Amino acid sequence: MHVTVFQNVPFDQLEIGMEAETRRLCVADDLYVFAHASGNLNPMHLPHEDGDKDGKPEAVAPSFWVGSLISSVLGNRLPGPGTLYKSQSLRFLDRAHAGDELVARVKLIRKGNDRCAIFHTTVSLADGTLLVDGEAEVIAPDKKDRFDAHDVPGLTVESHRHFDKLLEMAEPLPAIRTAIVAPEDVNSLRGALLAAEHTIIIPILIGDQDKIARTAQENGLSLDGIDIIHCTNHIEASQIAVDMIHEKRAAAIMKGHLHTDDLLRPILRSNGGLKTGRRISHIFVMDVPGLPHVLMVTDAAINIAPDLPTKVDIVQNAIDLAQSLGIELPKVGILSAVETVNPKIPSTLDAAALSKMAERGQITGGIVDGPLAMDNAVSLAAARSKGLKSLVAGCAEILVAPNLESGNMLAKELSFIAHAEAAGVVMGASCPIILNSRSDSDKSRLASCAVAALHAHRMQGVQ
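Residues numbered from 1 in each chain as written. Predicted model: local features only at pLDDT ≥ 70, side-chain atom pairs only at ≥ 80, totals over all residues. Heavy atoms only, no water.

Explain the overall build of the chain here, please?
Per the secondary structure count, the chain includes 13 helices and 18 strands. If one aligns the C-alpha atoms of the chain with their principal axes, the spans along those axes are about 90 × 60 × 30 Å. Counting all 463 residues of the chain, 48% fall into the buried class. Within the chain, residue pairs in contact and separated by at least 24 positions form 69% of the contacts whose partners lie at least 6 positions apart. Surface summary for the chain: the accessible area is close to 22200 Å², and the carbon and sulfur share equals 51%. Here the chain carries 43 positive and 57 negative side-chain charges, and the mean point of each set is 5 Å from the other. (Helix = DSSP H or I, 4+ residues; strand = E, 2+ residues; numbered from the N terminus. Buried < 20%, exposed > 50% of the residue type's maximum accessible area, 1.4 Å probe, protein only. Contact = heavy atoms within 4.5 Å. Areas by Shrake-Rupley, 256 points an atom, 1.4 Å probe, with all protein chains shown as cover. Lys, Arg positive; Asp, Glu negative; His and termini not counted. Charge placed at Lys NZ, Arg CZ, Asp CG, Glu CD.)

Explanation requested: the packing of aromatic side chains in the structure shown.
Here a ring pair, both rings aromatic, is described through the centre-centre distance and the interplanar angle of the planes. The final tally for this structure, using the stated rule, is one aromatic pair. For the cation-ring pair, lysine 111 lies above phenylalanine 11, with the distance from its terminal atom to the ring centre recorded as 4.3 Å. (Phe/Tyr/Trp six-rings, centres within 6.5 Å; stacked < 30°, edge-to-face > 60°. Lys NZ or Arg CZ within 6 Å of the ring centre and 35° of its normal.)

Looking at this structure, how should I read the sheet that holds strand β8 (residues 176-181)?
Backbone hydrogen bonds are what pair the strands of a sheet, in a parallel or an antiparallel way. Taken in spatial order, the 11 strands of this open sheet run β10-β9-β8-β11-β18-β17-β12-β13-β16-β14-β15, and their pairing is mixed. Each end of this open sheet is capped by a strand with a single partner; those strands are β10 (227-230) and β15 (367-372). By the bridge criterion, seven bridges tie strand β12 (residues 281-287) to strand β17 (residues 421-427) in an arrangement that is antiparallel. Across the sheet, valine 285 pairs through a bridge with alanine 423, a residue of β17. (Pairing = 2+ DSSP bridges.)

Looking at this structure, how should I read the sheet that holds strand β5 (residues 116-125)?
As summarised here, the arrangement of the five strands in space is β2-β4-β5-β6-β3, forming an open sheet in which the pairing is antiparallel. Looking at strand neighbours, the two that pair on one side only are β2 (19-25) and β3 (84-92), the edges of this open sheet. Geometrically, the sheet is characterised by an average inter-axis angle of 20° between neighbouring strands, direction not taken into account. With seven bridges joining them, β2 and strand β4 (residues 101-111) adopt antiparallel strand pairing. Considered in β4, the bridge of glutamate 21 is made with arginine 105. Along the sheet face, helix α2 (residues 63-76) touches β2, β3, β4, β5 and β6 (130-139) and points at about 140° away from the line of β3. (Axes fitted to C-alpha atoms, helices over the stretch in contact; angles between N-to-C directions.)

Would you explain unusual backbone geometry in this entry?
Peptide bonds are mostly trans, and most non-glycine residues show a negative phi. A cis amide bond, omega -15°, links threonine 298 with the succeeding residue aspartate 299. Of note, aspartate 299 is situated in the loop between β13 (295-298) and α8 (308-324). Of note, the bond from glycine 370 into proline 371 is cis; its omega dihedral lies within 30 degrees of zero at 5°. Structurally, proline 371 can be placed in strand β15. Of note in the backbone geometry, arginine 115 takes a positive phi value of approximately 60° without being a glycine. In this fold, arginine 115 is placed in the loop between β4 and β5. Assessed through its relative accessible area of 32%, arginine 115 is described here as partly exposed.

Explain helix α9 (residues 346-359) to me, please; I cannot follow it from the model alone.
Its 14 residues place the ends of α9 20 Å apart at the C-alpha level, agreeing with the 20 Å of an ideal helix rising 1.5 Å per residue. Those residues of α9 that fall on the buried side of the exposure criterion are Ser347, Thr348, Asp350, Ala351, Leu354, Ser355, Met357 and Ala358. Buried positions along α9 lie against α8, β14 (331-335) and β15. Once α9 finishes, glycine 361 follows within two positions and takes phi at roughly 85°, a positive value. (Expected span 1.5 Å × (residues − 1).)

Looking at this structure, how should I read the environment of aspartate 261?
With respect to the element layout, aspartate 261 can be found in helix α7 (residues 260-267). For aspartate 261, a relative accessible area of 56% gives the class exposed. Residues aspartate 261 and isoleucine 302, 41 residues apart in the sequence, show an inter-C-alpha distance of 9.6 Å.

How do you make sense of the side chain of serine 355 when you look at a structure like this?
Of note, serine 355 is situated in helix α9. Among the residues examined, serine 355 registers a relative accessible area of 8% and is labelled buried. Other than its neighbours up to four places away in sequence, serine 355 contacts Val368, Asp369 and Gly370.

Even after reading the chapter, I still don't get the nonpolar core, so can you show me in this structure?
The nonpolar side chains of a soluble globular protein tend to be buried, and buried together. Within the largest apolar cluster, 57 residues are counted, with the highest numbers of intra-cluster contacts made by Ile200, Val285, Val315, Ile363 and Val368. The biggest single contributor to this core is helix α13 (residues 442-456), with nine residues. Formed by 30 residues, the second largest nonpolar core is a distinct cluster that contains Leu14, Phe34, Leu78 and Val123. (Core = buried A, V, L, I, M, F, W, Y, C linked by side-chain atoms within 4.5 Å.)

Can you walk me through the pattern of salt bridges in this structure?
Note that side chains of opposite charge can pair when their charged atoms are close. Evaluation of the coordinates by the stated rule reveals 16 salt bridges. With a closest N to O distance of 3.7 Å, glutamate 101 and arginine 23 form a salt bridge. Of this pair, glutamate 101 sits in strand β4 while arginine 23 is found in strand β2, placing the two residues 78 residues apart along the sequence. What makes glutamate 101 partly exposed here is its relative accessible area of 35%. Looking at arginine 23, the relative accessible area reads 45%, which means it is partly exposed. (Salt bridge = Lys/Arg side-chain N within 4 Å of Asp/Glu carboxyl O.)

How should the environment of alanine 98 be read in this particular structure?
For alanine 98, the position within the fold is in the loop between β3 and β4. Residue class for alanine 98 comes out partly exposed when judged on its relative accessible area of 32%. C-alpha separation for the pair alanine 98 and histidine 45, spaced 53 residues apart in sequence, amounts to 9.3 Å. Setting aside chain neighbours within four positions, we find alanine 98 in contact with Cys26, Val27, Ala28, Leu31 and Ala59.

And the structure:
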């Protein structure tokens, strides 16, 4: 259990030989926090950097971060709250790395005047390997006190490790041939070329050849070895992409610099389109800092006010994509404003029906529960406070919004307030459709390609 209440030992109660220790698992986020707090951006200490160019990241814990663990023992345990440093000597004897468990210890060796206490201090690995040896001189508190630290603000490191994992999964697979429709601006063109550099896709550019070439030249992008199909009309370019899917010359479609309606119009045609009998839906795959898994939000871009049959397809599409990303039994939370069924709130009725349909096998491959309010869907503490007991409440991996407005707002809030990165894919057609926003970062565009590639490799007929 995480301790938040600390009690001190006043100077007059300190006895020679008193000892205390604390244990800390060094994780990658610790190294990033220290780098930003100290300004020390030495790549030897950054988890994904190869500081000495030996072909692998070092992730060496900074020695002063390791030494700082001593202050946590002095400040929290012995003497505890109210303690102030006078001096600290440190000898660094070995190195720690991300993933190591560290033990910081202090032992009182003598007492001086003016509440001065001198401690022998060490930091070791859990196996006893000594990393740091030294001596601390502190001013001990003069009276008994305690401190409850539960209100101290926490920190969330803005890293996107889940997207990194998706890239690691996609890069070793054969690159999928992807029709890029109208990549005539720098964002869409660079995103496609970046995914090609990472061996995720083989891009086939469909659009105005002069605009594409001019964009590449103005931004220092190379088109060497890239196939370009010249087409000045965006709807026609979209139709060419659809034809390439039918002819198995491509396994995915990616949106460039054109309106989404123009991209989808040929895809949704009853004759010659890419419809499968299931409604298409958009899925944000989001890497939210601090969340232990990817979070999928649907539908936030296509179905404005979905009825129950459409929501069935939306849920099934999301489950299918989650399985392609390695989530064997996705947990699906059907969102509403409340967690109880209320006939005056239609979304709660849909949520209850979807849950029961999943129980009866009408939706397969995942665990579906609802209605769930947002807090109960993602927070175990909130779910328990409401007495909710289910395999989904508090740990949903897929969030199904009641309508496009709420889904879009949720996704944008996660992106612009919680600093999430978002990949966007359309499901339900005969191939994945990569749908990026103009504001998406390179990382988001790359992740979108990885998501589409992983799903394409689960589908039959990948070329």
